[in-house]
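Below are the chains, spelled out letter by letter.
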Amino acid sequence: MESIIQLLPDAVANQIAAGEVVQRPASVVKELLENAIDAEATQIKLIVKNAGKSLIQIIDDGKGMNETDLRLSIERHATSKIKSADDLFYIKSFGFRGEALASIAAIAQLEIKSRTKDDEVASSLIVEATDVKGQEYAQGPPGTSITVQNLFFNTPARRRFLKSDPVELRHIIDEFHRVAIPNFHIGFYFYHNDELLFQLPPANLKQRLLNIFGKKYNHKLAPLNTHTDFVKVTGFIGTPDTAKKTRGEQFFFVNNRFIKNAYLNHAVQSAFEALIPKSSYATYFIMLDVDPATIDVNIHPTKTEIKFQNERSIYAVVNASTKEAIGKHNLSPSLDFETEMSMPPPSSNRGIEPPGVYVNPEFNPFENKTSQKKSNNITAQQPHKSSLNRGWEAFFKSSNLNAFDDADLEAPKSQQIFSLESEKSNEEAKDNKNPFQLSKQFIVSSIKSGLLIIDQKKAHERILYEKFIKQLALKKGLSQTELFPQNFELSPADSDVLSELLDEFKQLGLHIHRMGQNIFNLTAKPIDLPDEEPKQLVESLLECHKNNQAELMLDKNKSLALAMAQNAAVKYGQLLQKDEMSSIIDMLFACESPYISPSGKSTLTVIGNDEILKRLNQ
Ligand code: ADP
Ligand code: MG
């Protein structure tokens, strides 16, 4: 029988390969940008028309190709980047498969003009559907210019699958970002339909991010910097308020290559856990440097997925590094309460303390309990002075975010004029914030960058919630004995629920005893809870607890702590005195997670001066 197997002609084989490499115009942009970077370009110009459907041109000032290399560059498996299989384990370049130009040449009209520094003239090669139409000498500077026209002109089915211009352009911009961010030392121009979309001068990473994403990230990026034996983590995370409702600016780069990795994404997201609402996506631009021998970039033809040898250890480092940045830089909207006026002069002989996480371990909410009971006990819970001062210091330091620059990481300027001993100025600073109440609902205070608006109820819930959680952990809640304990009766269903919770309530300072089938007696309760009839109070606590468990999926302790906080917190409509508002502000920022209420809502917002100006100038 006659043999039926045949070798496919090159043009067909290339077209098949192109199916994997070139999905859309953005894939061409990615491959060509990467080639320019591999060629050590210092300036790259990207020119696109009709979202890349009619034209993609990339001009670089890299090392170029001589006549012979130029002809070879469009052959399949022709690469200058690896020589043997061993090299696969030490890949430092973007490309190595030698497939991109062959694939693009198979499905478009391609012109490559290139000149090395040693050559006097450039050569130009014209290819159409793998067919070389001509090669000739040409004029031109050292470097390479590649023009791709009419993508998919010979594969109409694929051309029809392209999306609208705005969608395809979005993909191109995404690829452009992924290449331009880690290669911040290279200058980029990007034109679309003759309009200059991006002009990115060579810069440092922070500057590059601001140039791409806009000044909105100014003051809102905190650096990562962790070195271990097997990975170096650098880059930036965005402050919690830069988190997005849709997956937005999330970038991992491994050895400068953009990658997607759900596992590592989780490492970052979970470090932000208490700071951003559950449904939000943290902003990050994280660079990982690892030994190329410990990764496999070969598992996907377009190489956005890679395999790490020690993925779990890298997860742990990324998670810890993110947490460290969050803690160190006290990530927050910049909340310096116009304190600068009252700062002491710089002192040269005091060491500068590095930023740290300022939770107050000695915080004892009951220390001032002997003081006169206030209507809602807010000021009675004032943390004692030293922890308060540290809270303020942390506050003040949060303004350091403004000063972050790659260059001045080690000693933000504002710290130099601040020290732990400056108690007096802290007190003054405290008075300076001069809060007022708005609509019996919000606490408003002027801060340097604008207007701070705190939701009184949510903020107080956060404060009390953290306090109750601590009490449950320590198993000692303080309480006041009731002078005339009264029996009360609950429904059989509530009685069952309550009976299960008596121990935990006791740890929270709420002493309830079972007297009969559905009869209970309340003998003592924490000072924070409102003066309500015991039956009403307990029913309301149980109601909140049930909701918290069902809706927020909280475990028993968290749900109970929250139920207590919800009942004890100031309500909307409640008038607050100045000192009470000050206390709420102080205590809120002494919390571990000041920005989010225990049920996941924002406790505060800042209207920036720039926003106010914008409104006024409208
Ligand atoms: P790969 O990048 O995987 O090697 P490509 O098909 O993208 O494969 O490119 C083939 C070869 O052409 C490269 O290995 C390189 O030698 C050369 N080349 C491609 N683009 C450029 C460029 N812009 N400047 C210099 N050489 C280039
Ligand atoms: Mg390549």
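The structure this text deals with has already been given above.
What counts and how
Residues numbered from 1 in each chain as written. Chains lettered and ligands numbered in written order. Predicted model: local features only at pLDDT ≥ 70, side-chain atom pairs only at ≥ 80, totals over all residues. Heavy atoms only, no water. Phe/Tyr/Trp six-rings, centres within 6.5 Å; stacked < 30°, edge-to-face > 60°. Buried < 20%, exposed > 50% of the residue type's maximum accessible area, 1.4 Å probe, protein only. Near = heavy atom within 4 Å. Polar contact = N/O pair within 3.5 Å; in protein donor to acceptor, adjacent residues only side chain to side chain. Areas by Shrake-Rupley, 256 points an atom, 1.4 Å probe, with all protein chains shown as cover. Helix = DSSP H or I, 4+ residues; strand = E, 2+ residues; numbered from the N terminus. Axes fitted to C-alpha atoms, helices over the stretch in contact; angles between N-to-C directions. Parallel < 35°, antiparallel > 145°, perpendicular 65-115°, else oblique. Contact = heavy atoms within 4.5 Å. Nonpolar A, V, L, I, M, F, W, Y, C, P; charged D, E, K, R; others polar. Pairing = 2+ DSSP bridges. Left-handed = near helix turned anticlockwise from the far one by under 90°. Salt bridge = Lys/Arg side-chain N within 4 Å of Asp/Glu carboxyl O.

## What about the packing of aromatic side chains?
Applying the stated criterion across every chain yields a total of 16 aromatic pairs. Judged by centre distance (6.0 Å) and plane angle (10°), the ring pair of Phe251 and Phe253 falls under stacked. The same class applies to Phe251 as to Phe253, namely buried. Each member of the aromatic cluster is reached from another via a ring pair, and the members are Phe213, Tyr217, Phe251, Phe253, Phe258 and Phe285.

## Focus on the site of ligand 1
Near ligand 1 you find 19 residues, and of these Asn35, Thr79, Ser80, Lys81 and Gly98 are the closest. One of the side-chain N or O atoms of Ser80 is found 2.5 Å from an oxygen atom in ligand 1. In the complex, the protein chains occlude 93% of the 530 Å² of accessible area that ligand 1 would expose alone. Listing elements by their share of the shell around ligand 1, those giving two or more residues are α2 (25-38) and α4 (100-106).

## A few points about the packing of helix α15 (residues 492-507) against helix α16 (residues 534-551)
Packing of α15 against α16 leaves a shortest axis separation of 11 Å and a crossing angle of 90°. The orientation of α15 relative to α16 falls into the category roughly perpendicular. Two secondary-structure elements touch here, α15 through Asp494, Val497, Leu498, Leu501 and Phe505 and α16 through Val538, Glu539, Leu541, Leu542, His545 and Lys546. For the contact of α15 with α16, the class distribution of residues is seven nonpolar, one polar and three charged.

## Some thoughts on the environment of Leu224
By the element assignment, Leu224 lies in strand β9 (residues 221-227). The buried category is assigned to Leu224, whose relative accessible area is 3%. Sequence-wise, Leu224 and Val318 are 94 residues apart; in three dimensions their C-alpha atoms are separated by 9.2 Å. Once you skip the residues sitting within four places of it in the chain, Leu224 turns out to touch Val233, Thr234, Gly235, Ile237, Ile286, Ser321, Thr322 and Ala325.

## A short note on the sheet that holds strand β16 (residues 436-438)
Strand pairing in a sheet is mediated by backbone hydrogen bonds. Such pairs are either parallel or antiparallel. Pairing is antiparallel across the open sheet formed by four strands, whose spatial order is β16-β17-β18-β23. The strands lining the two open edges of the sheet, one partner per strand, are β16 and β23 (604-608). Pairs of neighbouring strands in the sheet enclose a mean axial angle of 30°, with direction left out of account. In terms of strand pairing, β16 meets strand β17 (residues 442-447) through three bridges, oriented antiparallel. By the bridge assignment for β17, Gln437 is matched with Ile443. On the sheet, helix α14 (residues 456-474) packs against β16, β17 and β18 (450-455) and is oriented at approximately 70° with respect to β18. Across the sheet, helix α18 (residues 578-590) is in contact with β16, β17, β18 and β23; its angle to β17 comes to roughly 75°.

## Examining the packing of helix α8 (residues 262-271) against helix α9 (residues 311-328)
Running from N to C, α8 and α9 cross one another at 30°; their axes reach a closest spacing of 8 Å. Here α8 lies roughly parallel to α9, going by the angle between them. For the crossing formed where α8 meets α9, the hand is right-handed. Packed against α8, whose contacting residues are Tyr263, Leu264, His266, Ala267, Val268, Ser270 and Ala271, the element α9 presents Glu311, Arg312, Ile314, Tyr315, Val318, Asn319, Thr322, Lys323 and Ile326 at the interface. Of the residues that constitute the contact of α8 with α9, the class distribution is nine nonpolar, four polar and three charged.

## Overview of the pattern of salt bridges
For the structure shown, the criterion picks out 21 salt bridges. Across the salt bridge formed by Glu249 and Lys244, the nearest N and O atoms sit 3.3 Å from each other. We classify Glu249 as buried; its relative accessible area is 15%. Ionic pairing is found between Lys535 and Glu539, a salt bridge with its closest N-O pair at 3.0 Å.

## Re the sheet that holds strand β1 (residues 43-49)
Ordered by their spatial adjacency, eight strands build an open sheet running β5-β4-β3-β6-β2-β1-β7-β8, and the pairing between neighbours is mixed. The open sheet has two edge strands, β5 (131-138) and β8 (195-200), and neither has a second partner. Taken pair by pair, the neighbouring strands of this sheet meet at an average axis angle of 10°, ignoring direction. The pairing of strand β7 (residues 187-192) with β8 spans five bridges and is classified as antiparallel. Each residue of the ladder has a partner; that of Tyr189, found in β8, is Gln199. Strand contacts of α2: β1, β2 (55-60), β6 (143-149) and β7, with the helix running at about 10° to β2, the strand carrying the most contacts. Its contacts with the sheet put helix α7 (residues 205-213) on β7 and β8, and the angle it makes with β8 is roughly 165°.

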